[in-house]
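Topology and contacts: notes
Residues per chain are reported as follows:
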Amino acid sequence: MTRNRWIEKHAEKKLIAFLKSSSPKTTKELTPYLTIPNEKPIPETIRTRIHILKKKGVLANIGRGLYTLKTKPEYSPKISVELKDLYSKLQKRFPYTKLCIWEVNWLNEFSIHQVTRKIIVVESEKETERAIFDALIEEIRSRMPVIFKPSKKDVELYISSYRSSIVVKKLISESPIQKTQGVVTPKLEKLLVDLFVGDPIFLPYKGAESTEIFHNAFASYTINLSTLKRYAKRRNHAERLDEYLKKEKIIR
């Protein structure tokens, strides 16, 4: 009997039953379900079998060495034609610059209050933001305002007055990003941490609305806690975020 056949025909059902009635488990706790009776558990073999189950969509990795059943999809935002076109133009003009582009109202998917104003955010690596800003001013200022690193006051005075606007800010190093339909966008973990930290552009989603977003995001999609906490640490808010998640019963 091959290892793959054993995993697919025997371990899977037992593993699903085990994880359905319990909280996320460590590699060590899963090992008895990933070995044949009397087989010595070799770390490399266990990693291979976990990889196969992840690839099949049975397991989800939600932290370093922490797994659960994959019952929720990965977050993949809807990319508008406008966003794709803007990203393409910036990529052509700045081919060697790391960019990330997204829309603040993607959070409407998780909120009660629906924000109708469109705020497109363009983040670029350190010391390139000004060049990106100048390029956008030249390209589309006549169509909508372009704001450079807005403060809370800027959001209240300027962005709130327009139906559409573009914000340019620094892309923090080690930010969790992904490629969606050929466009580099933030992972959901990044959006949640930036929301928690209180970036001014998230002003419409402050207070109880923010907690609602966290609850709904965790309920709807697979959230990698290691990624979330690592980025929160990068932004110097790891401990406070952990306390918040437990206090609001978003995680146990």
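Rules of the game
- Residues numbered from 1 in each chain as written.
- Predicted model: local features only at pLDDT ≥ 70, side-chain atom pairs only at ≥ 80, totals over all residues.
- Heavy atoms only, no water.
- Helix = DSSP H or I, 4+ residues; strand = E, 2+ residues; numbered from the N terminus.
- Buried < 20%, exposed > 50% of the residue type's maximum accessible area, 1.4 Å probe, protein only.
- Polar contact = N/O pair within 3.5 Å; in protein donor to acceptor, adjacent residues only side chain to side chain.
- Contact = heavy atoms within 4.5 Å.
- Pairing = 2+ DSSP bridges.
- Axes fitted to C-alpha atoms, helices over the stretch in contact; angles between N-to-C directions.
- Parallel < 35°, antiparallel > 145°, perpendicular 65-115°, else oblique.
- Nonpolar A, V, L, I, M, F, W, Y, C, P; charged D, E, K, R; others polar.
- Expected span 1.5 Å × (residues − 1).
- Phe/Tyr/Trp six-rings, centres within 6.5 Å; stacked < 30°, edge-to-face > 60°.

A word on unusual backbone geometry
Phi at K149 takes a positive value of approximately 45°, unusual for a residue other than glycine. Assignment of secondary structure puts K149 in the loop between strand 6 (146–148) and helix 6 (152–157). The residue Q181 is not glycine, and still its phi comes out positive at about 50°. Positionally, Q181 belongs in the loop between strand 8 (177–180) and strand 9 (183–186).

A word on the side chain of N224
Along the polypeptide, N224 turns up in the loop between helix 8 (208–220) and helix 9 (225–234). On the accessibility criterion, N224 (18% relative accessible area) is buried. One polar contact links the side chain of N224 to the main-chain amide nitrogen of S226, over a distance of 3.0 Å. Excluding residues within four positions of it along the chain, N224 makes contact with N61, I62, G63 and E189.

Side note on the pairing of strand 2 (residues 59–63)
Put simply, side chains in a regular strand alternate between the two faces of the sheet. Across the five residues that make up strand 2, a large majority, four, are buried. As judged from the four bridges shared by strand 2 and strand 3 (residues 66–69), these two strands associate in the antiparallel manner. Paired with A60 across the bridge in strand 3 is T68. Remark: two residues form the turn of the hairpin made by strand 2 and strand 3, two consecutive strands paired antiparallel; G65 in that turn has positive phi of roughly 70°.

Structural notes on helix 7 (residues 188–197)
Counting buried positions along helix 7 gives 10 out of 10 residues, so the element sits mostly inside the fold. For helix 7, the full list of buried residues reads L188, E189, K190, L191, L192, V193, D194, L195, F196 and V197. Positive backbone phi, approximately 95°, marks G198, located one or two places after helix 7.

A closer look at the packing of helix 9 against helix 10 (residues 238–247)
Running from N to C, helix 9 and helix 10 cross one another at 135°; their axes reach a closest spacing of 7 Å. Relative to helix 10, helix 9 is oriented oblique. Facing helix 9, whose interface residues are L228, K229, A232 and K233, helix 10 presents A238, L241, D242 and L245. When grouped by side-chain class, the residues that make up the contact of helix 9 with helix 10 number five nonpolar, no polar and three charged.

As for helix 8
Along its 13 residues, helix 8 runs 18 Å from first to last C-alpha, staying within 8% of the 18 Å computed at 1.5 Å per residue. Here helix 8 has its buried residues at E209, S210, T211, I213, F214, A217 and F218. Looking at the packing, one finds that the buried side of helix 8 touches helix 7, helix 9 and helix 10.

Considerations on the sheet that holds strand 1 (residues 25–26)
Consider a sheet: its strands pair through backbone hydrogen bonds, and that pairing is either parallel or antiparallel. Spatially, three strands are ordered 1-3-2 in an open sheet, and the strand pairing comes out antiparallel. A single partner strand is all that each edge strand has here, and the edge strands are strand 1 and strand 2. Relative to the sheet, helix 3 (residues 43–55) contacts strand 2 and strand 3, its axis offset from that of strand 2 by approximately 110°.

What about the packing of aromatic side chains?
By the definition in use, this model includes seven aromatic pairs. The interplanar angle of 85° and the centroid separation of 5.2 Å between the aromatic rings of Y75 and Y221 together place this pair among those described as edge-to-face. On the criterion of sequence distance, the pair formed by Y75 in the loop between strand 3 and helix 4 (81–93) and Y221 in the loop between helix 8 and helix 9 is long-range, its members being 146 residues apart. Considered together, Y75 and Y221 belong to a single accessibility category, that of buried residues. With centroids separated by 5.0 Å and ring planes inclined at 45°, the aromatic side chains of F196 and Y244 adopt a geometry described as tilted. With F196 in helix 7 and Y244 in helix 10, this pair connects stretches of sequence that are 48 residues apart.

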